[in-house]
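What follows is the residue order along each chain.
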Amino acid sequence: MYEQHIGDNFSDGYNEYARSYSRKAEWFVFFVLLFALMEAVFFGSLQGAISERSAWWARLTPWKLYPTEILFFCVIFLPSCFVVLRGRKFGYDSYRGFWLVAIFLLVGILQAIHGWFLGGRKLLWLADLRQFYLMSIFVPFFSVLASGIRLSKLADRLCNIGLFLAIYSGVSGVLVFSGLIQKDSLYYPGQWSQQTLVLLYLFVLTKSMVCHKVEKFKLLIFAFGILAPLQKTPTASFIVLHLIALYMLLFVVRYKKKVVVFRTTKVFVVMGICLVALLPVLLGLGGGAAKRWLSKRWLKTDAIGADLTSGRLDAWQWGIKQWENKPLFGNGLGYRKIVVGNDGTIRPIGVHNIAVTLLYQTGLVGFMICISIFLVWFVRMKHCIRNCFDPDILWPVLAMFIFCLTIIIASLAGRSITIPYVGFVFWICFAFMTNAESQYFMESSAVIDSDSYSNTLQDN
């Protein structure tokens, strides 16, 4: 990862540490991520088949699984176990960071058993386990593969193909607000579809800051794809990611500091001007249809007595009360709030806040364990990014780090991380970052050992 630094200390024996790459691994991960991106953008045409189990692939299991869940749990799982047991073929033989995932998964399994033991929840405990905890089981698999993958090449390929998905998403939004197609059209992107495009936007953004070329055209296309449908969560995430990126690029990244600060300021100013100029055009489509949609979606002007949180505040308060009843070990997975719909049907819902959900389902013990895991990961990755001076590693890892933080923050007011096509992308990014930090740690240790050895020789 840090070739120049290590090369200075191992000028004669550096070839021992040179990394090889597997094109098969690169293309495999590329198609897996592309599959998740395409499911996100075309989810509108898949949702009916999933809910009604009308397609053949939807009937492969007793549950209503997304295509990504079928791909991972039914197709990739057994081969991934073999790959993990075989170990890394490229790079350093380090499994640093796997214990974080193991403890997180253990919390989920124990609380799933807790929820199942309490009974009366049908299979909701299994749904909670699958949607939040179980996806992390693939982190070791993709972390092993990451040692043989050039992250910059993978990110570039995804961005090149993702441009077409962003154009499709943006044009769909324009067509809806122009009145040419309906919002419930089968081919209209789903409510959280643009969450995955956020990662591709970040790849282009961080590459523009770190490397020599600012790719304004790609930035505008991905921004168009994310913002044009005016979906609530992706739009809010687009704002949040810029705040995180600004902090990271100005105060954490040390690579070519003055150049990065200049490019950051330049790109943010250019993007801000473009968005301010184009936003009135979008809002004026269809005689102000976009304005009316924003008013309805964000301000809830069509609902009597509705609040800006769409009832989330009441749900969060309900979650806190449930935690107070069982503060230490929680209520177990599958425990949800019961509501009565407008049609009189009774259904369980989540509280749309991952922190509150953790607190009342796993109790203070599980909550503190998961928060501690997040803090350890955050500190390690921040230190890794701060000391990374290889641009081909820095910009994709930085993009994935900002993406993961954005998804976590979005999940504090929604359920982004539990949506399969978002969750799997999140955990794959987590795996790549785990491998990058592991490589950094091993190489830093090797440099320290070399310096100590050289000092010992000089003393003798």
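Just so it is clear, the model here is predicted, and its values are computed rather than measured.

J.: Can you help me understand the packing of helix α15 (residues 354-386) against helix α16 (residues 391-410) in this one?
T.: When two helices pack together, their arrangement is given by the angle between their axes and by how far apart the axes lie. At a minimum axis separation of 11 Å, α15 and α16 run at an interaxial angle of 150°. On the basis of their axis angle, the class for α15 and α16 is roughly antiparallel. The two elements α15 and α16 cross, and the hand of that crossing is left-handed. Contact with α15, carried on its side by F374, W377, F378, M381 and I385, involves L394, V397, L398, F401, C404, L405 and I408 of α16 and no other residues of that element. Residue composition of the contact of α15 with α16, by class: 12 nonpolar, no polar and no charged.

J.: Looking at this model, I keep getting lost on helix α4 (residues 67-86). Mind explaining?
T.: In an α-helix, one turn spans 3.6 residues; hence positions three or four apart end up facing the same way. With 20 residues, α4 extends 27 Å between its outermost C-alpha atoms, agreeing within 8% with the 28 Å of an ideal straight helix rising 1.5 Å per residue. Where α4 bends most, the angle comes to about 60°, and this point is I76, followed within four residues by the proline P79. Regarding α4, the residues found buried are P67, T68, E69, I70, L71, F72, F73, I76 and S80.

J.: Where do I start with the nonpolar core in this structure?
T.: Generally speaking, a soluble globular protein has its nonpolar side chains buried in company with each other. Counting residues in each nonpolar core, the largest one holds 122 residues, and the members touching the most others are F142, Y201 and F403. Residues in contact with F142, not counting those within four places in the same chain, are F28, V29, V32, F72, I428, A431 and F432. The next biggest cluster of nonpolar side chains, apart from the first, holds 10 residues, and it includes V176, L283, L285 and A289.

J.: Sorry if this is basic, but what is going on with the packing of aromatic side chains here?
T.: Each aromatic ring pair is described using two quantities: the centre-to-centre distance and the angle formed by the ring planes. Applying the stated criterion to the full structure yields 33 aromatic pairs. Ring centres of F104 and W427 lie 5.5 Å apart, and the angle between their planes is 40°; on these two criteria the pair is classed as tilted. With F104 in helix α5 (residues 98-118) and W427 in helix α17 (residues 420-459), this residue pair connects regions lying 323 residues apart in the sequence. We classify F104 as buried; its relative accessible area is 8%. Since its relative accessible area comes to 8%, W427 is described here as buried. One aromatic cluster is present, formed by F104, F132, Y133, F374, W377, F378, F401, F426, W427 and F430 through successive ring pairs. In this arrangement the basic side chain of R96 is found over the ring face of F441, its NZ or CZ atom lying 3.8 Å from the centre. The ring of W27 has R157 sitting right over it, with the charged end atom 4.2 Å from the ring centre.

Rules used in this analysis
Residues numbered from 1 in each chain as written. Predicted model: local features only at pLDDT ≥ 70, side-chain atom pairs only at ≥ 80, totals over all residues. Heavy atoms only, no water. Axes fitted to C-alpha atoms, helices over the stretch in contact; angles between N-to-C directions. Helix = DSSP H or I, 4+ residues; strand = E, 2+ residues; numbered from the N terminus. Parallel < 35°, antiparallel > 145°, perpendicular 65-115°, else oblique. Left-handed = near helix turned anticlockwise from the far one by under 90°. Contact = heavy atoms within 4.5 Å. Nonpolar A, V, L, I, M, F, W, Y, C, P; charged D, E, K, R; others polar. Expected span 1.5 Å × (residues − 1). Bend = angle between axes of the 7 residues up to and from the residue. Buried < 20%, exposed > 50% of the residue type's maximum accessible area, 1.4 Å probe, protein only. Core = buried A, V, L, I, M, F, W, Y, C linked by side-chain atoms within 4.5 Å. Phe/Tyr/Trp six-rings, centres within 6.5 Å; stacked < 30°, edge-to-face > 60°. Lys NZ or Arg CZ within 6 Å of the ring centre and 35° of its normal.

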